[in-house]
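Overview (structure and organization)
The primary structure of each chain is shown beneath.
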Amino acid sequence: MQEPLIFTHSRTGRSAAGQYPQAAAAEVPEKFRRKRRAELPEVSELQAVRHFTRLSQLNFSIDTHFYPLGSCTMKYNPRACNQFAMLPEFLGRHPLAPDSVSQGFLGCMFELQEMLKEVTGMKGVSLTPMAGAQGEFAGVAMIRAYHRARGDMERTEIIVPDAAHGTNPATATMCGCTVVEIPSLPNGDTDVEALKQALGPRTAGIMLTNPSTLGVFERRIQEIAKLVHEAGGLLYYDGANLNAILGKVRPGTMGFDVIHMNLHKTFSTPHGGGGPGSGAVGVGERLLPFLPIPIVGKDGDRYRWLDATDVPQTIGRLSAFMGNAGVLLRAYVYMRMLGRAGMQRVAEYAALNANYMLARLKQAGFDAAYPDRRASHEFIITLKRQAKQLGVNAMDFAKRLLDHGFHAPTTYFPLLVPECLLIEPTETEAKEELDAFIEAMVAIQREAEQDPAKVKGAPYTLPVRRLDDVRAAKQLDLTYQRG
Amino acid sequence: MPFIPHTDNDVREMLAAIGAPSIDALFEEIPAALRIKSLAGIPEALTEMEVGRLMQQRASRDGRPLNFLGAGAYEHHIPAAVWAIVTRGEFYSAYTPYQAEASQGTLQLLYEYQTMMASLTGMQVSNASLYDGASALAEACLMAVRAHRKSKSARILVPAALNPTYVDVARAITEGQNLKFDVLPYDTKSGTQQAAALDAYRGQDITAVVVQQPNFFGLLEDVDAIADWAAANNALLIAVVNPLSLALLKPPGEWGTKGADIVVGDGQPFGVPLSSGGPYFGFMTTRMEHVRQMPGRIIGRTVDLDGKPGFTLTLQAREQHIRRSKATSNICTNQGLLVTAATIHMSLLGSAGLEKVAAASQTQTSALVAALTRIKGVKLAFSGPRFHEAVLQLDRKVSDVLEALAKRGIVGGYDLSRQYPDLGNALLVCATETRTDDDIAAYTAAMSEVMK
Amino acid sequence: MSSIPSNLKYLDSHEWARVESDGTVTIGISDHAQGALGDLVFVEVPEVGRALTKGGAAAVVESVKAASDVYSPLSGEVIANNSNALSATPELVNSDPYGQGWLFKVKPSNSSELGSLLDAKAYEKVVEEAGH
């Protein structure tokens with residue numbers, strides 16, 4: 001099934017005329033005026049609706065398919081969160097409307113800040129970062145600002161484990177820091193000896209994900225925190241895997257000074273085909289003065305925005321207004337619906353699902369990357385053996401899973417585990433779904449042994465087969481050219 | 001249990017398969033001292049019905065005041081079809097199209113979006129979005145430094161009549177990379193950039209010049225002259241534009257003899273509700289020669305194994321998941337769902353529809369200005385050509401007036417006096433096509449009362 | 001097994017260097033490196049006139065799934081680059097890494113640095129170890 005480009009439906013003079021005013025012509029002096037119209041589609045409302053509905057049907061999504069994409073927490077996005085965030089009053093509120101007509105909205109944001117503080121063990125929260133990577137930016141920028149405010153100008157090195165998300169080193173660079181990479185041990189823990197070597201008077205901080213991207217809990221975290229703090233550095237918690245410990249452990253208790261939370265992961269706001277995300281940041285005592293603005297404050301029973309007059313040492317503004325407010329409302333609704341007990345169940349059932357899948361896949365003959373460890377909310381299967389013996393690699397398994405009606409797990413990340421599948425089922429999947437996925441893996445393994453070419457040619461049942469990425473990058477076709 | 005499907009029987013079977021005595025045993029690798037004892041700060045769960053009532057109460061408390069505030073976020077009509085499609089689960093609950101074969105819907109839509117934005121801005125290529133207009137400007141400045149290899153200064157000229165928050169954000173985001181921003185004064189008579197202010201920099205190493213069209217005061221800048229100045233002085237030109245205005249105004253690709261190098265802005269006017277400031281999306285278009293310096297996702301058309309056309313993420317080697325510390329940006333997740341809204345919005349309205357919306361917005365703003373300036377103590381600050389915003393000067397403190405208007409159910413505009421003290425008691429107002437003549441009359445009546 | 005011509009010098013980061021009769025040095029990436037990267041889609045070479053230092057990042061080679069810095073084996077000034085050929089056909093680095101797929105030429109400022117480079121035999125060991 002394929003759908004032609006919207007431009008091919010276009011006919012000169014056609015439009016969805018009911019949707020705009022029949023206004024008088026504009027007054028634009030000649031020198032400013034556009035001479036030739038932009039080539040936007042000219043289609044009827046039905047044509048547009050049908051085209052985009054058909055496009056939607058070419059996607060896999062959580063609502064239609066099991067989507068165990070490791071490190072992305074593709075859990076169910078409750079419909080209520082969307083509906084209540086889209087009440088007309090919330091949609092119509094201008095971001096700069098006076099506080100006097102914003103108390104309802106600001107109240108939700110204030111309570112969200114408080115709840116996020118409670119689950120992370122942090123002293124202050126700013127909701128403004130618009131995605132995880134911007135939360136990371138805010139975190140490292142605050143660490144830099146902290147050292148600078150103390151006159152500690154030499155601290156510009158950020159330590160990052162080799163298994164870290166690519167955003168960690170990219171963020172450090174954006175903040176003007178240099179990256180010092182340290183290895184992981186064969187059991188998945190951080191190499192503490194290497195860390196000791198890396199620490200010094202130039203250390204600004206360390207960025208860690210815990211549980212790590214290897215799907216295991218960093219057992220020596222307290223020791224690591226002590227070492228980093230003694231060396232004068234601060235600890236940054238990448239919240240990508242917060243779903244694994246929500247309600248079980250607070251990053252603040254582990255010794256972290258700053259954390260970003262991916263609300264589109266842990267707090268179930270939609271991923272939207274690549275955003276919007278939301279990367280709220282939380283900080284301990286030391287970094288409170290540097291939080292990005294604006295923040296919602298409370299004077300008596302009145303909520304108001306805190307800005308640079310209230311937070312004079314702030315790292316500043318990261319968005320034109322206050323970040324992805326609509327996403328924050330969805331996260332707020334989700335947290336209220338989970339409540340105290342529901343919040344604790346998240347990590348429990350996420351871990352149950354992951355450990356169940358890991359156990360079943362091991363029993364079926366697959367190789368776990370860290371066979372002696374408990375899975376966190378996710379785990380890694382390595383297909384190194386299959387790649388060597390059968391010539392069928394992780395990408396081939398991933399593509400064949402699509403034919404079985406499952407979105408593929410994360411492939412080739414983390415980079416240090418060869419031929420890996422990083423699998424994260426989340427707590428919202430039922431056992432039957434997990435069983436079906438395991439059966440599909442077993443079927444693909446059997447097929448790989450009997451007819452490897454079949455697996456290598458997958459997928460067969462999707463709108464397109466494997467795409468020529470080399471051609472895409474060499475013969476750049478980034479816009480449609482008419483005619 | 002909300003959102004958790006497990007029965008007691010499921011749990012028993014699963015624990016048996018794992019060989020663990022309890023769910024709690026799955027957390028045995030976490031040191032006991034670290035475990036949470038209580039989550040007292042989290043309230044008890046609410047049902048969907050209860051939370052619905054709570055949210056409706058909160059929403060009603062804020063009500064729906066009549067809005068005449070723009071300043072970077074604009075209230076426009078959004079066709080019903082837009083969000084009906086955007087909130088389909090297949091768009092709403094998918095993620096970044098890493099598995100291209102299972103994401104052709106999102107990928108094709110983004111390719112169509114790139115085509116539309118490139119055409120609208122008169123540029124050759126577009127990325128698949130950034131966070132918002134302000135952060136897009138920050139990324140554009142960093143990109144200019146990478147793209148302009150001959151320039152060593154990392155010095156960027158920004159006009160004072162550029163949205164001041166955009167400049168704040170650009171400074172905050174580029175702070176670690178030693179960019180220097182020089183603010184150019186605007187002409188106090190016209191409210192626009194004058195060539196004389198630029199000429200002070202003639203012959204110096206300038207990496208890029210930024211210009212906003214229309215500027216923060218809603219006025220039209222002489223973009224041709226500024227573009228030509230940048231070209232003559234070997235600086236790149238970064239254009240910040242309201243995409244709706246481009247239905248009427250000359251696209252940045254045609255400014256001066258050479259055109260802009262990088263075009264950014266906020267896509268909010270296309271199908272995205274005000275929603276307290278987000279989620280919106282930032283757009284960025286550029287020349288083909290700079291494409292490898294562009295941050296963010298880019299979608300390309302290619303063919304599959306059978307030679308059938310298809311779409312995929314391309315030029316990924318610029319990005320953080322491959323390039324790590326040497327990536328063009330740390331951006332990963334962007335604003336895909338809002339781009340979905342904008343693409344449907346642009347398809348429904350087409351160029352003809354966008355022109356009408358832009359024209360009606362301009363007309364209604366003119367009507368608003370005419371009505372308000374008839375009130376004693378209200379005058380127009382700048383008389384040059386504008387799009388859909390205007391600066392008024394009042395004979396008293398703007399914040400007091402806005403507070404009094406809010407009490408009358410009117411969000412009256414943006415108080416410029418804090419960021420532009422030289423303008424006196426200045427108020428930035430906006431009326432889009434959604435403000436009727438009756439709305440304008442209501443504002444005028446309220447303002448007359450307040451200004452008594 | 002990838003080809004490792006015996007008349008060239010190498011870095012353990014997989015660059016090769018060939019001393020020409022006029023004393024200039026031509027630089028590229030090894031057959032092993034191009035094989036590990038896969039189909040190249042883009043090559044960025046240093047501008048003529050740029051001063052390079054030994055071990056400093058000089059060029060970038062990109063495939064679809066990876067991007068890799070190319071380090072200069074020697075200090076010196078760039079006197080030529082192969083951008084004319086490689087901008088349109090980066091695949092030359094895959095098909096002919098030691099010939100038409102060369103990246104750039106330098107005029108060495110310190111010819112004693114040549115002595116620190118690996119010979120073919122030593123580089124072969126590096127490649128073998130990388131394979132394990």
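A few points about the overall build of chain A
- Along chain A, the regular secondary structure elements total 15 helices and 13 strands.
- Its C-alpha atoms give chain A a radius of gyration of 25 Å, near enough to 23 Å, the size a compact globule of 483 residues would have.
- The C-alpha extent of chain A, read off along each of the three principal axes, is 70 × 70 × 45 Å.
- Burial analysis of chain A (483 residues in total) assigns 69% to the buried set.
- Partitioning the intrachain contacts of chain A with sequence separation of at least 6 by distance along the chain shows that 72% fall at a separation of at least 24.
- When the accessible surface of chain A is split by element, carbon and sulfur atoms take 49% of a total near 15400 Å².
- Of note, chain A has its 54 positive side-chain charges centred 3 Å away from the centre of its 51 negative side-chain charges.

Here's the deal with the interface of chain A and chain C
- Taken together, the contact pairs 4 residues of chain A with 7 residues of chain C.
- Together chain A and chain C conceal approximately 460 Å² of surface at their shared face, both sides included; 70% is due to carbon and sulfur atoms.
- On the chain A side of the interface with chain C, the three residues burying the most area are Asp469(A), Val470(A) and Lys474(A), jointly 80% of the side's total.
- Remark: the boundary between chain A and chain C carries 2 salt bridges.
- Its salt-bridge partner being Lys474(A), residue Glu91(C) comes within 3.2 Å of it at the nearest N-O pair.
- The interface formed by chain A and chain C holds 2 residue pairs in polar contact (both at pLDDT 80 or more) in total.
- Split into classes, the residues belonging to the side of chain A that touches chain C amount to 2 nonpolar, no polar and 2 charged.

What about the sheet that holds strand β6 (residues 258–261) of chain A?
All names here are of chain A.
- The strand order across the open sheet formed by 7 strands is β1-β7-β6-β5-β4-β2-β3, and the pairing between neighbours is mixed. Strands with a single pairing partner mark the edges of an open sheet, and in this sheet they are β1 (124–126) and β3 (178–182). Strand-to-strand twist of the sheet, defined as the mean angle between neighbouring strand axes without regard to direction, takes the value 25°.
- Contacts from helix α5 (residues 132–149) reach β2 (157–161), β4 (203–208), β5 (234–239), β6 and β7 (281–283) within the one sheet, and its direction differs from that of β5 by about 175°.

Some details on the environment of Asp63(A)
- Of note, Asp63(A) is situated in the loop between α1 (45–56) and α2 (79–85).
- Taking the relative accessible area as the measure of exposure, Asp63(A) reaches 35% and is therefore partly exposed.
- Residues Asp63(A) and Asn77(A), spaced 14 residues apart in sequence, show a C-alpha to C-alpha distance of 8.4 Å.
- With sequence-adjacent residues up to four places away left out, Asp63(A) is seen in contact with Tyr76(A), Arg79(A), Gly89(B) and Ser93(B).

Observations regarding the layout of surface pockets
- Counted as a void, the second largest pocket has a volume near 1700 Å³.
- Taken together, 45 residues make up the lining of the second largest pocket; nearest its centre are Arg146(B), Arg149(B), Gln293(B), Phe42(C) and Glu44(C).
- Those elements that provide at least two residues to the lining of the second largest pocket are α15 (469–474) of chain A, α6 (133–147) of chain B together with β4 (40–44), β6 (57–63) and α2 (83–86) of chain C.
- The leading source of residues in the lining of the second largest pocket is β6(C), at 5 residues.
- Considering only residue class, the lining of the second largest pocket consists of 20 nonpolar, 7 polar and 18 charged.

A look at the sheet that holds strand β12 (residues 410–411) of chain A
- Across the sheet, which stays open at both edges, the 4 strands sit in the order β10-β11-β13-β12 (chain A) with antiparallel pairing between neighbours. Two strands close off the open sheet at either side, each with one partner strand: β10 (367–368) and β12 of chain A.

Conventions we followed
Residues numbered from 1 in each chain as written. Chains lettered and ligands numbered in written order. Predicted model: local features only at pLDDT ≥ 70, side-chain atom pairs only at ≥ 80, totals over all residues. Heavy atoms only, no water. Helix = DSSP H or I, 4+ residues; strand = E, 2+ residues; numbered from the N terminus. Rg over C-alpha atoms; globule rule 2.2 N^0.38 Å. Buried < 20%, exposed > 50% of the residue type's maximum accessible area, 1.4 Å probe, protein only. Contact = heavy atoms within 4.5 Å. Areas by Shrake-Rupley, 256 points an atom, 1.4 Å probe, with all protein chains shown as cover. Lys, Arg positive; Asp, Glu negative; His and termini not counted. Charge placed at Lys NZ, Arg CZ, Asp CG, Glu CD. Buried area = accessible area lost by both parts, 1.4 Å probe. Salt bridge = Lys/Arg side-chain N within 4 Å of Asp/Glu carboxyl O. Polar contact = N/O pair within 3.5 Å; in protein donor to acceptor, adjacent residues only side chain to side chain. Nonpolar A, V, L, I, M, F, W, Y, C, P; charged D, E, K, R; others polar. Pairing = 2+ DSSP bridges. Axes fitted to C-alpha atoms, helices over the stretch in contact; angles between N-to-C directions. 1 Å grid on protein atoms, 1.4 Å probe; cavity = no way out; pocket = protein on both sides within 12 Å on 5 of 7 lines; lining within 4 Å. Points joined across faces, edges and corners; volume = space filled by probe spheres on them.

From the geometry alone we can't say anything about function, so treat these as descriptive.
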